[in-house]
Structures are given as C-alpha cells and as structure tokens.
Amino acid sequence: MSTPHVVVVMGVAGTGKTTIGPLLAAALGVPYAEGDDFHPPANIAKMSAGTPLEDADRWPWLDAIGQWAHGRAGLGGVVSSSALKRVYRDRLRGEAPGAVFLHLTGERSLIEERMADRKGHFMPTALLDSQFATLQPLEDDEAGVAVDVSGTPEEITQRAVAALRRLDS
C-alpha cells in the first residue's frame with residue numbers, strides 16, 4: 001500500500017480476526033494488536049457467561065482500540081475489533097480518522113464450525129446469532145473492503161492484501 005494505514009480487521013466472532021490479523025500485519029510489515037486484549041475483565045466475564053455486551057460495555061473498549069490506532073497513524077498497524085455496528089466504526093474513526101476496515105465475511109455455517117473448533121476462547125457459539133443480528137456491513141461511504149473467509153488463512157490474507165491495495169488505487 002502506498003501509505004501505511006491502520007487496518008481494523010472486523011467481523012462477527014469466528015471469522016478469523018485473530019488468525020488473519022497477525023498474518024496481514026506480517027504481510028504489510030506493521031505491528032498487530034489483538035482487540036480482545038483491550039476488553040476490560042468485566043466484558044470478558046459477561047461474554048464467557050454467554051451474555052452479549054451492551055453498547056455501554058463496548059465504549060471503553062472501542063476507545064482503547066481507537067487510541068492504539070491513533071498512535072499508529074502514519075506508521076501503519078493492524079488491530080482486530082468486531083466493529084459490528086456503524087456507530088462502533090464511527091467511534092473508532094473518531095479516534096483514528098485514517099483507519100480502514102477489513103470486513104471478514106462468510107457463511108454462518110462455516111463460521112459456526114470454526115467457532116466450535118476453537119479451544120480456550122471466551123466467546124461461546126451461543127452468541128453467534130446475536131453477532132449476526134447486530135452486524136451492519138460496511139457502507140459505501142466507509143473506507144474498507146470485505147473479504148470472504150473461505151479457504152486457508154494464507155489465501156484469505158492474500159485476498160485481503162489485494163483488496164486493500166485496490167482500495168489505495
């Protein structure tokens with residue numbers, strides 16, 4: 001890419017944000033930050049119990065991610081965040097106006113299967129329906145691209161890099 005963007009890897013749980021994010025960061029030669037690490041313990045406890053987060057739970061988390069992204073402005077970086085609603089992405093852009101979004105998309109059945117195969121993650125598959133119900137895909141006026149998550153992590157990353165390069169041109 002011509003300028004080092006901060007890329008927010010977004011999507012519902014199980015799309016591979018934590019897998020694709022580091023691969024994308026390596027391909028772009030920039031650091032990666034795991035969005036889950038910005039959650040306060042109360043959020044993790046809620047999700048572990050199968051309780052969806054409310055917007056009030058998300059604001060401090062989104063602000064922390066946005067502050068990290070702001071600190072990487074002009075330097076580039078990749079950070080994961082579900083960023084399911086437009087208002088969440090607007091909040092992230094409020095902190096980091098130059099951020100671009102990589103929306104990982106896929107069939108619900110594939111995502112559920114991948115979630116079921118995960119070990120040691122706090123997000124149960126029971127919350128997948130609430131994630132899809134909340135999801136507002138990127139709109140035409142938002143800087144970003146959507147990439148399908150079928151295939152290997154390396155294939156997904158290659159598609160992501162290509163889509164982000166097209167976004168730049």
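Since we're looking at a predicted model, the values are computed, not measured.

Conventions and cut-offs
- Residues numbered from 1 in each chain as written.
- Predicted model: local features only at pLDDT ≥ 70, side-chain atom pairs only at ≥ 80, totals over all residues.
- Heavy atoms only, no water.
- Helix = DSSP H or I, 4+ residues; strand = E, 2+ residues; numbered from the N terminus.
- Rg over C-alpha atoms; globule rule 2.2 N^0.38 Å.
- Buried < 20%, exposed > 50% of the residue type's maximum accessible area, 1.4 Å probe, protein only.
- Contact = heavy atoms within 4.5 Å.
- Areas by Shrake-Rupley, 256 points an atom, 1.4 Å probe, with all protein chains shown as cover.
- Lys, Arg positive; Asp, Glu negative; His and termini not counted.
- Charge placed at Lys NZ, Arg CZ, Asp CG, Glu CD.
- Pairing = 2+ DSSP bridges.
- Core = buried A, V, L, I, M, F, W, Y, C linked by side-chain atoms within 4.5 Å.
- Polar contact = N/O pair within 3.5 Å; in protein donor to acceptor, adjacent residues only side chain to side chain.
- Expected span 1.5 Å × (residues − 1).
- Arc of directions from axis to C-beta.
- Phe/Tyr/Trp six-rings, centres within 6.5 Å; stacked < 30°, edge-to-face > 60°.

**Observations regarding the overall build of the protein**
(1) Moving on: In terms of helices and strands, the protein carries seven helices and five strands.
(2) Moving on: Order of helices (α) and strands (β) in the protein, N terminus to C terminus: β-α-β-α-α-β-α-β-α-α-β-α.
(3) Moving on: Taken against the 2.2 N^0.38 rule, which gives 15 Å for 169 residues, the C-alpha radius of gyration of the protein at 15 Å falls within 12% of a compact globule.
(4) Moving on: Overall, the protein is about 45 × 35 × 30 Å in size when its C-alpha atoms are taken along their principal axes.
(5) Moving on: Here the protein holds 169 residues, and 43% of them are scored as buried.
(6) Moving on: If you take every contact in the protein between residues at least 6 apart in sequence, the share linking residues at least 24 apart comes to 74%.
(7) Moving on: A total of about 7,800 Å² of accessible surface is found on the protein, and carbon and sulfur atoms cover 54% of it.
(8) Moving on: Averaging the locations of the 16 positively and 22 negatively charged side chains of the protein gives two centres separated by 1 Å.

**So, the environment of E54**
(1) Moving on: For E54, the position within the fold is in the loop between helix 2 (41-48) and helix 3 (55-71).
(2) Moving on: Separated by 11 residues in the primary sequence, E54 and N43 place their C-alpha atoms 9.4 Å from one another.

**Some remarks on the sheet that holds strand 4 (residues 100-105)**
(1) Moving on: Taken in spatial order, the five strands make up an open sheet running 2-3-1-4-5, and their pairing is parallel. Across the chains shown, the open sheet's two edge strands, defined by having one partner strand only, are strand 2 (32-33) and strand 5 (144-148).
(2) Moving on: Relative to strand 4, strand 1 (residues 6-10) is paired through four bridges, and the arrangement is parallel. In the sheet register, V7 faces strand 4, and the bridge partner there is V100.

**Focus on the nonpolar core**
(1) Moving on: Counting residues in each nonpolar core, the largest one holds 23 residues, and the members touching the most others are V8, M10, V12, L92 and F101.
(2) Moving on: For this core, the secondary structure elements donating two or more residues are strand 1, helix 3, helix 4 (86-95) and helix 5 (108-117).
(3) Moving on: Broken down by element, the residue count for this core peaks at four residues, all from helix 3.
(4) Moving on: In this structure V8 touches V79, S81, L92, A99, V100, F101 and L102, once residues within four positions along its chain are discounted.
(5) Moving on: Among the nonpolar cores identified, the runner-up in size contains 18 residues, and I20, A25, V78 and V145 belong to it.

**Considerations on the side chain of S80**
(1) Moving on: Relative to the assigned elements, S80 resides in strand 3 (residues 77-80).
(2) Moving on: Reaching out from S80, the side chain makes a polar contact with the side chain of Y32 at a distance of 3.1 Å.
(3) Moving on: There is a polar contact of 3.3 Å between the side chain of S80 and the side chain of E34.
(4) Moving on: Dropping the residues within four chain positions of it, S80 is found in contact with V9, K17, Y32, A33, E34, G35, D36 and I65.

**Focus: helix 3**
(1) Moving on: For helix 3, with 17 residues, the first-to-last C-alpha span of 24 Å sits near the 24 Å given by 1.5 Å per residue.
(2) Moving on: Buried within helix 3 are the following residues: D57, R58, W61, L62, D63, I65, G66 and A69.
(3) Moving on: For helix 3, the secondary structure elements touched by its buried residues are strand 1, helix 2, strand 3 and helix 4.

**Comments concerning helix 4**
(1) Moving on: Taken together, the buried positions of helix 4 are occupied by R86, Y88, R89, L92 and R93. The buried side chains of helix 4 occupy one side of the element, clustering within an arc of 160° when seen end-on.
(2) Moving on: Packed against the buried residues of helix 4 are strand 1, helix 3 and strand 4.

**Here we look at the packing of aromatic side chains**
Geometrically, a pair of aromatic rings is defined through the distance of the ring centres and the angle of the planes.
(1) Moving on: Taken as a whole and assessed by the stated rule, the structure comprises one aromatic pair.
(2) Moving on: Relative to Y88, the ring of W59 has its centre 5.7 Å away and its plane inclined at 80°; by these criteria the two rings are edge-to-face. Residue W59 is found in helix 3, and its partner Y88 is found in helix 4; the two are separated by 29 residues along the sequence.
(3) Moving on: For Y88, a relative accessible area of 1% translates into the label buried.

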